[in-house]
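A closer look at the structure
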Amino acid sequence: SSDGMVHAFTSNIRNGVDFDLYLYVHGKGVRGPVAVLEGMNSVSAWISERHVLVVHSNTNLDRDIYLVDVVSGEVRNLTKHEGEVDNRSPVPLDSSRFLFLTNADQEFTNIAVYDLGGGVWKYVYRSPRDVEALDVSPDGRYVAFVENYEGFSRLYVSTVDFSEVVLVDAPQGVVADVSW
């Protein structure tokens, strides 16, 4: 949570197969499961004091993003789709919007923004290459992201509206994760 007092995590302790959502409350221990989920799930981020974003893996190439209410246990699939679509890496911009990676309706994985208020999403950065990782700066003004360019990573920093995208001069290699 934003104050660091509550940590959300998933565990398959219930049946050894399904990863449910639990909370660890500092000084009070574990609560839960606060949401019973099927299959492989992992917590990505808190988007508000009451909601967390969870990535549900159907396969390693087919994922959905869930919004889970840690009070009521309500689970909402935000990225329902048909066929194989990789929706992952949600990063909150505020309590009603988040960036995420998706390859919905296209070959390459690029950056989209999801608006919880309207229940809609749209691409905000498109490239003829896969974007493999992203993160938003602590002040919410910038986005760092990594593209796969012929097997190597290219690191970019952009304004959050993607009006200015700058390639960072970095040695050739592979960036596995990006974090401010």
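Notes on the structure in this doc start here. (Residues numbered from 1 in each chain as written. Predicted model: local features only at pLDDT ≥ 70, side-chain atom pairs only at ≥ 80, totals over all residues. Heavy atoms only, no water.)

**A closer look at the pairing of strand E8 (residues 87-92)**
With 4 bridges connecting them, E8 and strand E9 (residues 97-102) associate as antiparallel partners. Paired with Pro92 across the strands is Phe98, a residue of E9. Between E8 and the antiparallel strand that follows it, E9, lie 4 residues. (Pairing = 2+ DSSP bridges. Helix = DSSP H or I, 4+ residues; strand = E, 2+ residues; numbered from the N terminus.)

**Some remarks on the layout of surface pockets**
One number sums up the size of the largest pocket: a volume of about 200 Å³. What lines the largest pocket is a set of 14 residues, among which Phe152, Ser153, Arg154, Ala170 and Gln172 lie closest to the centre. By residue number, the principal contributor to the lining of the largest pocket is strand E14 (residues 152-159), which donates 4 residues. By residue class, the composition of the lining of the largest pocket is 9 nonpolar, 3 polar and 2 charged. (1 Å grid on protein atoms, 1.4 Å probe; cavity = no way out; pocket = protein on both sides within 12 Å on 5 of 7 lines; lining within 4 Å. Points joined across faces, edges and corners; volume = space filled by probe spheres on them. Nonpolar A, V, L, I, M, F, W, Y, C, P; charged D, E, K, R; others polar.)

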